[in-house]
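Results of the structural survey
Residues per chain, in single letters:
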Amino acid sequence: MDDAKRNEVIALLAKAYNMELETVLNFIANSEWLDGIRAKHIKDSLAADVQEEIGHAQLLAKRIKVLDGRIPGSMELVMSQNTLQPPSESVDVLDVIKGVIDAEEAAVNHYQVIIEATDVIDPVTQDLCITIKGDEEEHRREFKGFLQEALKM
Ligand SMILES: [Fe+2]
Ligand SMILES: [Fe+2]
């Protein structure tokens, strides 16, 4: 892999790292903020996923380092999950479910970009992102189930 390609892969990994950390922040906030009977499972699921998303961030940071990249600090992070902000009403569970699906969808799409960008040239990064993409697809599927149920209530 030449330097230009390596830097491109590092930048893609740094973006994924940023996305994971923003997800962690919003999952923590929503896992505490929501109220009501309908919210119970959503809160528990978000709280459990926090650990998994932190794990993803750590794996990405490790891979950036292995590729001789520098891991961004907090001042360099860019936040953009406008649909995953804790809703003004703490019983607006549906808003959070939709926001989680948006975030997981964005993650799935970004990992697909990395998988394609690293094809043949960086199988280790590709393998890592294939595994993480699978995790995000499971999260998305779980919240699509919550959405189906919430829409029937
Ligand atoms: Fe993740
Ligand atoms: Fe996820």
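First, a word on what this report is: a plain description of the structure on this page.

Here's the deal with the overall build of the protein chain
Check the secondary structure of the protein chain and you find four helices and zero strands. Its helices and strands taken in sequence order, the protein chain reads α-α-α-α from the N to the C terminus. Scaling as 2.2 N^0.38, a compact globule of 153 residues should have a C-alpha radius of gyration of about 15 Å, and the protein chain matches this with 16 Å. Once the C-alpha set of the protein chain is aligned to its principal axes, its extents read approximately 55 × 30 × 20 Å. The 153 residues of the protein chain split such that 29% are buried. A separation threshold of at least 6 residues defines the contact pool for the protein chain, and within that pool the share at least 24 residues apart is 74%.

Re the nonpolar core
By size, the foremost hydrophobic cluster in this structure holds 29 residues, and its most contacted members are Leu13, Ala16, Ile42, Ile97 and Val100. Elements with a contribution of two residues or more to this core: helix H1 (3–33), helix H2 (39–66), helix H3 (93–117) and helix H4 (123–152). Beyond its immediate sequence surroundings of up to four residues, Ile42 is in contact with Leu34, Val93, Val96, Ile97 and Phe146.

Topic: the packing of H1 against H3
Viewed as axis vectors pointing N to C, H1 and H3 meet at an angle of 165 degrees, and their least axial separation amounts to 10 Å. Considered as vectors, H1 and H3 are oriented roughly antiparallel to each other. Once H1 is placed against H3, the crossing between them reads as left-handed. Side by side, H1 and H3 meet where Glu8, Val9, Leu12, Lys15, Ala16, Met19, Thr23 and Asn30 of the first sit next to Val96, Ala103, Ala106, Ala107, His110, Tyr111, Val113, Ile114 and Ala117 of the second.

Things to note about H3
Here H3 is 25 residues long and its end C-alpha atoms lie 36 Å apart, about the 36 Å a rise of 1.5 Å per residue gives. Buried residues of H3: Val93, Val96, Ile97, Gly99, Val100, Ile101, Ala103, Glu104, Ala107, Tyr111 and Ile114, and no others. In this structure, the buried side of H3 is in contact with H1, H2 and H4.

Section: the environment of Cys129
If you trace the backbone, Cys129 turns up in helix H4. With 14 residues separating them in the primary sequence, Cys129 and Ile115 have C-alpha atoms 6.3 Å apart. Those residues within four positions of Cys129 in sequence are excluded, and the remaining contacts are Tyr111, Ile114 and Ile115.

Observations regarding the environment of His56
Here His56 shows up in helix H2. Under the C-beta neighbour-count criterion, His56 is labelled buried, with 24 such atoms within 10 Å. As for His56 and Ile132, which are separated by 76 residues in sequence, their C-alpha atoms are 6.9 Å apart. Contact partners of His56, with chain neighbours within four places excluded, come to Glu20 and Ile132.

Some words on the packing of H2 against H4
When two helices pack together, their arrangement is given by the angle between the helix axes and the distance between those axes. At a minimum axis separation of 11 Å, H2 and H4 run at an interaxial angle of 170 degrees. Considering the angle they form, H2 stands roughly antiparallel to H4. Viewed along their axes, H2 and H4 form a crossing whose handedness is left-handed. Mapping the contact onto sequence places His41, Ile42, Ser45, Asp49, Glu52, His56, Leu59 and Arg63 in H2 and Thr125, Leu128, Ile132, Asp135, His139, Glu142 and Phe146 in H4. The residue makeup of the contact of H2 with H4, split by class, is five nonpolar, five polar and five charged.

What counts and how
- Residues numbered from 1 in each chain as written.
- Chains lettered and ligands numbered in written order.
- Predicted model: local features only at pLDDT ≥ 70, side-chain atom pairs only at ≥ 80, totals over all residues.
- Helix = DSSP H or I, 4+ residues; strand = E, 2+ residues; numbered from the N terminus.
- Rg over C-alpha atoms; globule rule 2.2 N^0.38 Å.
- Buried ≥ 20, exposed ≤ 12 C-beta atoms within 10 Å, placed from the backbone.
- Contact = placed C-beta atoms within 7 Å.
- Core = buried A, V, L, I, M, F, W, Y, C linked by C-beta atoms within 7 Å.
- Axes fitted to C-alpha atoms, helices over the stretch in contact; angles between N-to-C directions.
- Parallel < 35°, antiparallel > 145°, perpendicular 65-115°, else oblique.
- Left-handed = near helix turned anticlockwise from the far one by under 90°.
- Expected span 1.5 Å × (residues − 1).
- Nonpolar A, V, L, I, M, F, W, Y, C, P; charged D, E, K, R; others polar.

None of the figures reported here should be taken as evidence of function without further support.
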